[in-house]
Each structure stands twice: as structure tokens, then as C-alpha cells.
Amino acid sequence: MPYELPPLPYAYEALEPHIDAKTMQVHHDLHHKAYVDGLNKALDGLAKAREANDFAAVQQLSRLVAFHGGGHSNHTIFWNNLAPAGKGGGGEPGGELATQMRKDFGDFAKFKAHFSAAAAAVEGNGWGVLAWQPALGALTIQTMMNQQNLTILGSIPVLMLDVWEHAYYLKYQNRRAEYVTAFWNVANWKDAEARFGKASKVTI
Ligand code: MN
């Protein structure tokens, strides 16, 4: 079954002024869509290559599945990790996520400083990721290059921030750190708490 582009859970302009409407429109309608289309195309090619026992092509297409599949999955989570400021966006996490954060990072301010620095420092295109690590029984802050590299297998994303240039360049140009600061106004902690609640029950 081909994958489909999920609709944004809010209007393009809902995250203004922190993330602008034009960026959201281009990011969702063009960039995310390209990952969905790329994933479907790679999966179709992969099936044919396997059928033909062309394992050189299988290897190459498997890389494309990881890249485009990562792009599709990451953006689907990212849209839901965001909410309009003051209407679900901003503030601090509560509940068990807050408790686990204190255990692994000290307090919310320390977490925020660590995550911000990690996201701002991603070399080239990638993501800042707060993830539950079933193998470690802990939350970690990871940076991910492109859509899939530098991750620990089994990582479950709780909060993701896209720091590809397409995510901020129209409004912030080269000022990625400003975009990262603005992100905290639209971070959806209810969504992150719900993801953590499910993730923390997983063992591997
Ligand atoms: Mn993106």
C-alpha cells in the first residue's frame, strides 16, 4: 500500500510568529510530500529488485527507504510535536516525563539548554531529538544527521526539532539558534508526554 501525506493538524499560520505560514506550507506540502513520494518509489523499486535478485540495487534502494522513510516518519512526528503558542504550545512538561527529565538532565532549564545547544550545533541538515532509549532505560538528547544517521537502534522519539535549512531559512536565514529559541514557544508537551507514556513501557 502506498504511503500518503498526512494533513497538518493545524492551519499553516497557526504557529506564527514563531514559525511562519509560508515555511509551514512549503515544508509540509512540498518537502514532506517529497519524502512520501520517495518512500513509495523506493519501496516499489525494492520489490522489483528483490524479485530480480539484483542485490546491488536492493542495497542502494534500502538506503533510500531509510532516508525517505525516516523523512516521512520524522515529519509526521514533528507536526504533532508542535502546537500554537498558548494553545497547547510552550510551557513545560509535567507528569512522568518531567520526573524522568529531572532524573536524566537535572531540571527543565538544563534539559532545554542541552537540547538547544545540540540542535543548533547539528552539522549541515538534521534533527535535534529527545528520545527514550529502551536499552538504556533513560532519555537521551541526540542529534541526527539527514533523516536517519547517528541514532541508537531502538530509540523512540519523544520530541523532535527539524533543523534542516528548509525548516527555518525563509524567516530566520542563517540564524538557526533564533529558530531553536522560538521553537520552545510552540513545543507541544502534551504530545511529548503521551509519546513518553507509550515509549517508556517498551523493552527490547
Ligand atoms: Mn524538514
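**Thoughts on the coordination of the manganese ion**
Then, number 1: Within the protein, H27 (NE2), H75 (NE2), D162 (OD) and H166 (NE2) serve as the donor atoms for the manganese ion, at 1.9 to 2.2 Å.
Then, number 2: The buried category is assigned to H27, whose relative accessible area is 1%.
Then, number 3: Among the residues examined, D162 registers a relative accessible area of 0% and is labelled buried.

**Notes on the packing of aromatic side chains**
Then, number 1: As enumerated under the stated definition, the model contains 18 aromatic pairs in all.
Then, number 2: Arranged with centres 5.5 Å apart and planes meeting at 90°, the rings of F78 and W127 form a pair that is edge-to-face. With F78 in helix α2 (residues 55–80) and W127 in strand β1 (residues 126–133), the pair connects residues that are 49 residues apart, well separated along the chain. Like F78, the residue W127 is buried in the burial classification.
Then, number 3: Seen from their ring centres, W132 and F196 are 5.5 Å apart, and the 85° between their planes marks the pair as edge-to-face. Of this pair, W132 sits in strand β1 while F196 sits in helix α7 (residues 189–199); the two residues are 64 residues apart in sequence, bridging distant segments of the chain. As far as burial versus exposure is concerned, W132 and F196 are alike and both buried.
Then, number 4: Through a chain of ring-to-ring contacts, the aromatic side chains of F105, F108, F111, F115, F183, W184 and W189 assemble into a single cluster.
Then, number 5: The ring of Y172 has K171 sitting right over it, with the charged end atom 5.7 Å from the ring centre.

**Some thoughts on unusual backbone geometry**
Then, number 1: In this chain, E16 is followed by P17 through a cis amide linkage whose omega measures -5°.
Then, number 2: Of note, N53 is a non-glycine position whose phi angle comes to about 55°, a positive value.
Then, number 3: Locating N53 in the fold gives a position in the loop between α1 (21–51) and α2.

**Here's the deal with the pairing of β1**
Then, number 1: Taken across its eight residues, β1 has eight buried, putting it largely inside the fold.
Then, number 2: The pairing of β1 with strand β2 (residues 138–145) spans eight bridges and is antiparallel. The residue of β2 that forms the bridge with Q133 is A138.
Then, number 3: Taken together, β1 and the strand that follows it, β2, pair antiparallel across an intervening segment of four residues, in which G137 is found at a positive phi of about 65°.
Then, number 4: Summarising the sheet, β1 and strand β3 (residues 156–162) pair through six bridges and their orientation is antiparallel. Within the sheet, the bridge partner assigned to W132 lies in β3 and is I156.

**A few points about the domain arrangement of the protein**
Then, number 1: When its domains are assigned, the protein resolves into domain 1 (19–80) and domain 2 (95–199).
Then, number 2: Taken residue by residue, the interface counts 16 residues in domain 1 and 20 residues in domain 2.
Then, number 3: Where domain 1 abuts domain 2, roughly 1,600 Å² becomes buried across the two surfaces, and 65% of that area is made up of carbon and sulfur atoms.
Then, number 4: In this structure, the connection of domain 1 to domain 2 is made through zero salt bridges.
Then, number 5: Looking at the side of domain 1 that touches domain 2, the elements that each hand over two or more residues are α1 and α2.
Then, number 6: It is α2 that provides the largest number of residues to the side of domain 1 that touches domain 2, a total of nine residues.

**Remarks on α7**
Then, number 1: Every buried residue of α7 is listed here: W189, D191, A192, E193, F196 and A199.
Then, number 2: In this structure N188 caps α7, since a side-chain oxygen of it lies 3.2 Å from the backbone nitrogen of K190.

The rules behind each value
- Residues numbered from 1 in each chain as written.
- Predicted model: local features only at pLDDT ≥ 70, side-chain atom pairs only at ≥ 80, totals over all residues.
- Heavy atoms only, no water.
- Donors = N, O, S within 2.8 Å, 3.2 Å for Na, K, Ca; no water.
- Buried < 20%, exposed > 50% of the residue type's maximum accessible area, 1.4 Å probe, protein only.
- Phe/Tyr/Trp six-rings, centres within 6.5 Å; stacked < 30°, edge-to-face > 60°.
- Helix = DSSP H or I, 4+ residues; strand = E, 2+ residues; numbered from the N terminus.
- Lys NZ or Arg CZ within 6 Å of the ring centre and 35° of its normal.
- Pairing = 2+ DSSP bridges.
- Domains from an automatic or database assignment.
- Contact = heavy atoms within 4.5 Å.
- Buried area = accessible area lost by both parts, 1.4 Å probe.
- Salt bridge = Lys/Arg side-chain N within 4 Å of Asp/Glu carboxyl O.
- Polar contact = N/O pair within 3.5 Å; in protein donor to acceptor, adjacent residues only side chain to side chain.

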